[in-house]
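# Summary of the model geometry
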Amino acid sequence: MRLPVDLAGVLEALGNTMTITDRVVLDDVDLGAEHYSFAGPADYTVTFTNGGAGQIVATGTVSVTARATCVRCLQDFDLPVSAAIDAYYVLPGREAEIPDEQEYDVIHENRVDLYPALEQSVAVEFPFAPVHDAACKGICPVCGGDRNVTPCTCEVAAPSSPFAALKDMLPLDDDKLGDS
Ligand SMILES: [Zn+2]
Ligand SMILES: [Zn+2]
């Protein structure tokens, strides 16, 4: 996916600006083991500013609703994301004037591709381990049921169970087993 932006007008003079408000459909994003798709297009507003020395600064915001998969219960859910855009572009041959730590893309024939900046801005907002709800109970490791939907009574081996402790303290009399 590409989102070419013509910066000819902005490049004409120091201080020139151009603001673009538009929407774009983002490609799916894979982040580690997580896969994110999008429920709709991303809305963005970006202002390009000529900062001199052949440098263009792009700042703005992007918002989109992502579709993520809960790591606990595996159900898909909507994840609204709003992110800041912060990108830096420079004319060929002027790279030396950019501060060392500044990431940038080079302007080709007065054009830049805004797409990578949009995608990166959104992707950094994605959680490492998405959960559909902070209180998600997840899937039962014993019966495999979704404990949010059908609470089960499976006993998950837990040393903290008061009954387990009781059993250890009061050995059962074998003769009385099954009498009731
Ligand atoms: Zn969940
Ligand atoms: Zn269960």
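Each value, and the rule that gives it
- Residues numbered from 1 in each chain as written.
- Chains lettered and ligands numbered in written order.
- Predicted model: local features only at pLDDT ≥ 70, side-chain atom pairs only at ≥ 80, totals over all residues.
- Helix = DSSP H or I, 4+ residues; strand = E, 2+ residues; numbered from the N terminus.
- Buried ≥ 20, exposed ≤ 12 C-beta atoms within 10 Å, placed from the backbone.
- Contact = placed C-beta atoms within 7 Å.
- Arc of directions from axis to C-beta.
- Pairing = 2+ DSSP bridges.
- pLDDT = per-residue confidence, 0-100.

### Considering the overall build of the protein
Broken down by element type, the protein carries three helices and nine strands. Secondary structure elements in the protein, listed N-terminal to C-terminal, are β-α-β-β-β-β-β-β-β-β-α-α. With 180 residues in all, the protein has 17% of them scored as buried. In the protein, the share of contacts with a sequence separation of at least 24, taken over all contacts with a separation of at least 6, comes to 59%.

### What about helix α2 (residues 115-123)?
The set of residues buried in α2 consists of A117, L118, S121 and V122. The buried residues of α2 occupy one face: seen down the axis, they fall within an arc of 125°. Each element contacted by the buried residues of α2 is listed here: β2 (17-24), β5 (42-52), β6 (55-69) and β7 (76-90).

### Considerations on the pairing of β7
Relative to β7, β6 is paired through 15 bridges, and the arrangement is antiparallel. By the bridge assignment, T61 is partnered in β7 with A84. Adjacent in sequence and paired antiparallel, β6 and β7 are bridged by six residues, among which L74 carries a positive phi angle near 65°. Both β7 and strand β8 (residues 105-106) contribute to a ladder of two bridges, which runs parallel. What sits directly across from V90, in β8, is V106.

### What about unusual backbone geometry?
One non-glycine residue with positive phi stands out, namely A53, at about 55°. Mapped onto the secondary structure, A53 falls in the loop between β5 and β6.

### A closer look at the environment of M18
Tracing the backbone through its elements, the reader meets M18 in strand β2. Each C-alpha atom, one on M18 and one on T47, is 5.5 Å from the other, the two residues being 29 residues apart in sequence. Those residues within four positions of M18 in sequence are excluded, and the remaining contacts are G9, V10 and F48.

### Overview of the confidence of the model for the protein
Of all residues in the protein, 86% have pLDDT values of 70 or greater, and the mean over the chain is 89. Taken together, the stretch residues 176-180 has pLDDT below 50 and engages in one contact with residues farther than four places along the chain or on a different chain.

### Details of the pairing of strand β4 (residues 34-38)
As judged from the three bridges shared by strand β3 (residues 29-31) and β4, these two strands associate in the antiparallel manner. Bridge pairing in β4 links D30 to H35. Between β3 and β4, which pair antiparallel in sequence order, lie two residues; one of them, G32, sits at a positive phi of approximately 60°. With two bridges joining them, β4 and β6 adopt antiparallel strand pairing. Paired with F38 across the bridge in β6 is A66.

### Describing the environment of I107
Summarising the element assignment, I107 is placed in the loop between β8 and β9 (111-113). Classification of I107 by C-beta neighbours within 10 Å gives buried; the count is 20. Measuring from C-alpha to C-alpha, the distance between I107 and L91 comes to 5.0 Å, with 16 residues separating the pair along the chain. Among all residues touching I107, those that are not within four sequence positions of it are L7, I56, Y89, V90, L91, P92 and V112.

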